[in-house]
Structures are given as structure tokens and as C-alpha cells.
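Here's the letter readout for the chains.
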Amino acid sequence: MTRTTGIRGSGPAVVFTAAVKTFGRAGHTVRAVDGIDLTIGRGETVALLGRNGAGKSTAISLLLGLDDPDSGTVSLLGRTPDRAVRAGLAGAMLQDGRPIPRVTVGELIRFVAALYPRPLPVAEALALAGVSEYANRRVDKLSGGQIQRVRFAVALAGDPELVVLDEPTSALDVEARRAFWVSIQAFAERGTTVLFSTHHLEEADGNADRIVVLHQGRIVADGSGEVIKRSAGGGLVSIDLAGHPVAGLESLPGVVGVEVREDRALLRTDDSDATVVALARIGAVRGLQASRATLEDAFLSLTAPVPASPEAPAGSVKEAV
């Protein structure tokens, strides 16, 4: 649910309008961002998902003013990205960066806070990021998980209205990831807009109000976790093929997509009962299993490579949607 407590200002937090960014030389160009239209409201927590090379990092670079679109526009809290960042309206935790030697955590956060017109009190930034106990320790002497939390404190230091987190838990173990999300949720409860990218799909499902899926530079899905899961059919029914032909499975009641994995067929369906009954009628019930679609199922379906030809080899994805 979108939070409203403490939200400052009006209008959307983020707007991409037909944004395009291309890299490479003539004849060898790649559209990393290919005409994105996206609006994020204030107070939303939004997950940005996509396979490697989908355009997530490029979109974040455009949002933070680290790069400019070749065409289209990007606005951040009603301003150009560079003006919004300079005004301290946005804080970011990016993947790149090394620990600063011979500086304590407290000294680092005080230095960063001093750069902004209305920073958070240093003690509050440290507490929200869960690093108060490290305040007097040198940053370059901390563990990887502790450094991630310090980087989060740096992102919060200016008391931003939008926080952008690029793979924030990539270096953390399960326990540290759980604790980190408690810190992020505490800051989001203040009404701050949060945009994060992640490869941990359960993080998106458990922490985002809304999920945006990128594939080949384009948005292929946008909605709540439940909406995204329904795009995969809502249910999954799998069977051992055992010589049974794949042809015709896509036309069974309820089936919206068919994927073949070795000798098993995975049927995405919006009516599992009807699909199971139909399979029983044609005698295709060996190894039958039925389950609810997960976010991972939906993600794999939405970002599956397109077969080069209709005669796809065994083991490839066969789409019926």
C-alpha cells in the first residue's frame, strides 16, 4: 500500500516520457532504454526487475542525471534530474563504490549531510540505516554487509524525498538482507518514495507496492505482485510428457502458455481445475503437479527469449500468448 504520511509536495515523484538511450557505434548499437513511459507516485515503493542487460541500470542513470536520454524526457520531483539531485531531493545507493580509508562512519555521514540544504540529523540517519553502533569505526574496517548499511545511511543523509537503491542487498546474507529491509521500510514509512532494483524476486514480492519489469529496454509488466503473478496465468500445471505430443496443449481450457523443460511440460493456466480435467481426458496425467504461479514464474515468462523460429528445439520456451 502506498504511504502518505509525511509526503512532501504534490505531483508524481518520477516521470519517464518516451525515454530512449542508445549505446554503441553505427551498425552496432543497443537500445538500453527503448521508449520507456513510466510514472511513479510520491510515497510508492517500486521494484525494478529485469534480467542482466534489460536496461535497469541505464534507467536509473537517466533518473539520477548521470546520463541524458537521446530522446524523450525524464523528470524527478517536478525538476530535471540534475537539479533535483543537487537540491538534495534524491538519494542513491548504487552498486559501484569503495570504502573510504581512515574515515569513521560518523565522520562520513556528517560530511555528506553538510552538502545538503536540509539534511537529516546525523544520529537519525545512522539509526534509520542501523549503523549507530558503528559510528566510531572506520568504514574500511567494516564487513561487506556493514558497508552496505553505511552506503544506505549516505543515501539518507540529505533527507531525500526519493531514494534509489540499485541491487542494495547483493552482497548480503539472508539474515543481513532481512535486517536491511527493516531499515528501508522504516524510512519508507516516513512517506519517502523508494525505487529499487533487485535480483532477489522475493524481495520485490515482499517489499514493493508495485513491480515494473523491464525486458530489452522496454516495460513488459507494471503492477502489484499479484497482478504480475496473474500475468503468468495464476496457476501452474506440469506433467511428464512421456512421449505425449506438445502440440495441442496450448489449446486446452485455461492454458495461456506452455513451456517445455526437458521431458516435462509446464502449463501456465488461469483455471487450474479445467486444465487438469482436460489433461485427464486426453490421458496426460503422468507426474501431474498443480501449484500457484510465483513471481519467479511470471518473471521468467515475461522475459523469456523469443525462439528464432516456430520450430523451436526441445527445451526451449513455446509461448501461446
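The following paragraphs examine the structure supplied in this document. (Residues numbered from 1 in each chain as written. Predicted model: local features only at pLDDT ≥ 70, side-chain atom pairs only at ≥ 80, totals over all residues. Heavy atoms only, no water.)

## Regarding the packing of aromatic side chains
Okay, step 1: If you walk through the whole model with that rule in mind, you get two aromatic pairs.
Okay, step 2: With centroids separated by 4.6 Å and ring planes inclined at 65 degrees, the aromatic side chains of Trp181 and Phe196 adopt a geometry described as edge-to-face. Of this pair, Trp181 sits in helix 6 (residues 174–188) while Phe196 sits in strand 7 (residues 193–197); the two residues are 15 residues apart in sequence, bridging distant segments of the chain.
Okay, step 3: Here Phe196 falls in the buried class, since its relative accessible area comes to 0%. (Phe/Tyr/Trp six-rings, centres within 6.5 Å; stacked < 30°, edge-to-face > 60°. Helix = DSSP H or I, 4+ residues; strand = E, 2+ residues; numbered from the N terminus. Buried < 20%, exposed > 50% of the residue type's maximum accessible area, 1.4 Å probe, protein only.)

## Side note on the environment of Ile100
Okay, step 1: As for its placement among the helices and strands, Ile100 is situated in the loop between strand 5 (90–93) and helix 3 (105–113).
Okay, step 2: You can call Ile100 partly exposed: its relative accessible area is 40%.
Okay, step 3: Between the C-alpha atoms of Ile100 and Gly191, which are 91 residues apart in sequence, the distance is 31 Å.
Okay, step 4: Beyond its immediate sequence surroundings of up to four residues, Ile100 is in contact with Leu108, Val139 and Asp140. (Contact = heavy atoms within 4.5 Å.)

## With respect to the pairing of strand 11 (residues 255–261)
Okay, step 1: When you tally the buried positions in strand 11, you get five out of seven residues, the bulk of the element.
Okay, step 2: The sheet contact formed by strand 11 and strand 12 (residues 264–269) spans six bridges and is antiparallel. Paired with Gly257 across the strands is Arg268, a residue of strand 12.
Okay, step 3: As consecutive antiparallel partners, strand 11 and strand 12 are separated by two residues, and within that stretch Glu262 has a phi angle of approximately 55 degrees, a positive value. (Pairing = 2+ DSSP bridges.)

## Some details on helix 3
Okay, step 1: Along helix 3, the residues classified as buried are Val105, Gly106, Leu108, Ile109, Val112 and Ala113. The buried side chains of helix 3 occupy one side of the element, clustering within an arc of 160 degrees when seen end-on. (Arc of directions from axis to C-beta.)

## So, the environment of Thr192
Okay, step 1: Here Thr192 shows up in the loop between helix 6 and strand 7.
Okay, step 2: Each C-alpha atom, one on Thr192 and one on Gly248, is 50 Å from the other, the two residues being 56 residues apart in sequence.
Okay, step 3: Once you skip the residues sitting within four places of it in the chain, Thr192 turns out to touch Gly43, Glu44, Pro160, Glu161, Leu162, Val163 and Phe187.

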